[in-house]
Amino acid sequence: MRRIFLLGASGSIGTQTLEICKEHVDEIAIVGVSVGKNKTFLRQLLCENPGIRFAYAIDYDEELVKAFPHISFYWGDNGLLELLDNKEYDLLVNALVGFTGLKPTLKAIEDHKDVALANKETLVAAGDIVMAKAKAAEVNIIPIDSEHSAIFQCLAGSNPQDIKRLIITASGGAFRDWPYEALTKVKVADALNHPVWQMGAKITIDSATMMNKGYEIIEAHHLFGVSYDRITPVIHYESIVHSAVEYNDGSLIAQMSHPDMRLPIEYALFYPRHLPRKSYSYLDLAKIGRLNFKEVDYHRYKLVWAAFLAGRLGGNMGAILNGANDTAVGLFLAGHISFTAIERLVISALNNISYIAKPTLDDIFNSHDQAVNYINSMANKL
Ligand code: MG
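All figures in this text were calculated on a predicted structure; none of them were measured in a lab. (Residues numbered from 1 in each chain as written. Predicted model: local features only at pLDDT ≥ 70, side-chain atom pairs only at ≥ 80, totals over all residues. Heavy atoms only, no water.)

The next point concerns the coordination of the magnesium ion. Binding of the magnesium ion to the protein goes through Asp145 (OD), Glu147 (OE) and Glu216 (OE), at separations of 2.1 to 2.4 Å. When the donors of the magnesium ion are listed by position in the chain, the intervening gaps give D-x1-E-x68-E. Linking Glu147 in helix H7 (residues 146-154) with Glu216 in helix H10 (residues 211-224), this pair joins segments that are 69 residues apart in sequence. (Donors = N, O, S within 2.8 Å, 3.2 Å for Na, K, Ca; no water. Helix = DSSP H or I, 4+ residues; strand = E, 2+ residues; numbered from the N terminus.)

Leu269 and Ile342 are the most contacted members of the largest nonpolar core, which has 127 residues in total. Per element, the largest residue contribution to this core is 9 residues, and it comes from helix H14 (residues 317-333). If we ignore the near neighbours within four places in the chain, the residues touching Ile342 are Ile205, Thr209, Leu303, Asn325, Ala328, Val329, Phe332 and Ile337. (Core = buried A, V, L, I, M, F, W, Y, C linked by side-chain atoms within 4.5 Å. Buried < 20%, exposed > 50% of the residue type's maximum accessible area, 1.4 Å probe, protein only. Contact = heavy atoms within 4.5 Å.)

Here we take up unusual backbone geometry. Here the bond from Tyr271 into Pro272 is cis, since omega is 5°, no more than 30 degrees from zero. With respect to the secondary-structure elements, Pro272 resides in the loop between helix H11 (262-270) and helix H12 (285-288). Its identity is not glycine, yet Glu138 carries a phi of approximately 55°, on the positive side. Turning to its location among the elements, Glu138 is positioned in the loop between helix H6 (121-136) and strand E7 (141-143). For Glu138, a relative accessible area of 73% corresponds to the exposed category.

Strand order in the open sheet formed by 7 strands is E4-E3-E2-E1-E5-E6-E7, with parallel pairing between adjacent strands. Strands with a single pairing partner mark the edges of an open sheet, and in this sheet they are strand E4 (72-75) and E7. For this sheet the average axis-to-axis angle between neighbouring strands, irrespective of direction, equals 25°. (Pairing = 2+ DSSP bridges. Axes fitted to C-alpha atoms, helices over the stretch in contact; angles between N-to-C directions.)

Strand order across the open sheet formed by 5 strands is E11-E10-E8-E9-E12, with mixed pairing between neighbours. The open sheet is flanked by strand E11 (252-256) and strand E12 (293-295), the only strands paired with a single partner. Strand-to-strand, the axes of this sheet are offset by a mean angle of 30°, without reference to chain direction.

A few words now on H7. Burial analysis of H7 places 9 of its 9 residues in the buried class, which makes it a mostly covered element. Looking at H7, one finds that the buried residues are Ser146, Glu147, His148, Ser149, Ala150, Ile151, Phe152, Gln153 and Cys154. Summarising the contacts, the buried residues of H7 are in contact with E7, strand E8 (163-170), H10, strand E10 (241-247), E11 and H11.

The next thing to look at is the pattern of salt bridges. One pass over the full model with this rule turns up 21 salt bridges. Two residues, Arg165 and Glu246, come together in a salt bridge whose shortest N-O distance is 2.6 Å. Of the two residues, Arg165 is situated in strand E8 and Glu246 in strand E10; the sequence distance between them amounts to 81 residues. With a relative accessible area of 14%, Glu246 lands in the buried category. One salt bridge connects Glu343 with Lys302, and the closest N-O pair in it is separated by 3.9 Å. In this pair, Glu343 sits in helix H15 (residues 339-352) while Lys302 sits in helix H13 (residues 302-313), placing the two residues 41 residues apart along the sequence. Using a relative accessible area of 27% as the deciding quantity, one classes Lys302 as partly exposed. (Salt bridge = Lys/Arg side-chain N within 4 Å of Asp/Glu carboxyl O.)

Quick look at the environment of His299 now. Looking at where His299 falls in the secondary structure, it is placed in the loop between E12 and H13. Taking the relative accessible area as the measure of exposure, His299 reaches 65% and is therefore exposed. In this structure the C-alpha to C-alpha distance between His299 and Ala170, which are 129 residues apart in sequence, comes to 16 Å.

A few words on the pairing of strand E5 (residues 91-94). Residue alternation in E5 divides its side chains into two sets, Leu91 and Val93 and Leu92 and Asn94, and both sets are buried. Examined bridge by bridge, E5 and strand E6 (residues 114-117) share 4 bridges and lie parallel to one another. Following the sheet pairing, Leu91 is matched in E6 by Asp114. For the crossover from E5 across helix H5 (residues 102-110) to E6, the handedness is right-handed. (Right-handed = clockwise from strand over helix to strand, strands pointing away.)

What follows is about the packing of helix H1 (residues 12-23) against H11. Contact geometry for H1 and H11: axes closest at 10 Å, N-to-C directions at 60°. With respect to their mutual orientation, H1 and H11 come out oblique. The interaxial crossing formed by H1 with H11 has right-handed handedness. Between H1 and H11, the residues in contact are Ile13, Gln16, Thr17, Glu19, Ile20, Cys21 and Glu23 and Arg262, Ile265, Glu266, Leu269 and Phe270, respectively. (Parallel < 35°, antiparallel > 145°, perpendicular 65-115°, else oblique. Left-handed = near helix turned anticlockwise from the far one by under 90°.)

Okay, the side chain of Glu121 next. Take Glu121: it is sitting in helix H6. At 4.8 Å, Lys202 is the nearest oppositely charged side chain to Glu121, a buried residue that forms no salt bridge. Within the local environment of Glu121, its side chain forms a polar contact with the backbone nitrogen of Gly98, the two atoms lying 3.3 Å apart. At 3.2 Å, the side chain of Glu121 forms a polar contact with the side chain of Asn119. (Lys, Arg positive; Asp, Glu negative; His and termini not counted. Polar contact = N/O pair within 3.5 Å; in protein donor to acceptor, adjacent residues only side chain to side chain.)

Listed below in structure tokens is the structure:
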């Protein structure tokens, strides 16, 4: 029986992870969970899963404590790490959204626990530190994101020296067919209308600016140890090819499936097995007929270019990129800045915040905070 701690249980990846676990109760036991503010969700989760023994929510709740006396609850700023102090688990599923996901990943690595990673910020902001610690502790970081899961699957059984390049596919986001000039008029509601994936607001915006793809390029570099000049993003309209690996002999291996996050989540939980799917219509290539690809235009998707720049420079640039973009997207969603101001502000933050080539973890946190403050102050001047 594999014991799991699931962070971010009430989010999109979290709820799908719960569904998968429900189908495999004979193999997987959820013993610890975290939610943010959604305590109604937590209450129901605890009722349905009598095996859960540890739980976290942001705010203290006396009724929950009384209703579930057998559960150890944790709350507040340090609660997430206190939750993980209970080391009675085998795999941490980190489905937290945002920079708060970094410390729990590091904590799990310190405790020699494998991590199934959906939290982007972990590797974007602190990839060098996280991967070095994971290597030293002999901990596996297993990707949940569909692109990285695809690459992970395409790499199975291969030799790292034989990799020519990684090809990361991108949908192009909600405005892929809009002329660039029209992007200044984008409204929040337009941006939330993603062509393929149903996701949260933040990641849907990151998909529209393709910052999300930029993050994934940085993550791929860290996860698979491939240099940036050997990572190529490509726009792919149908979201059937989730990414690919090209080998030195010219063989290009792609992973395909219908766009369905349950597949990469399930693979992360049961790797290296490919288990039968219950409610899945298997790919019918003849019915799909054709797949379309297009080069990424870096003039249009400036944040992809910015991610390559930040990634190549390394150091604290990922933390700046991440803190700046998070804040700028928040300001856009709140109606304070325009859609195109997101990329302008993020690039400005990369240009103006001091570069640290070999940052400590404290430097990473400071650079993140600096980027947040920088964007807020710049946005006020717009
Ligand atoms: Mg993705």
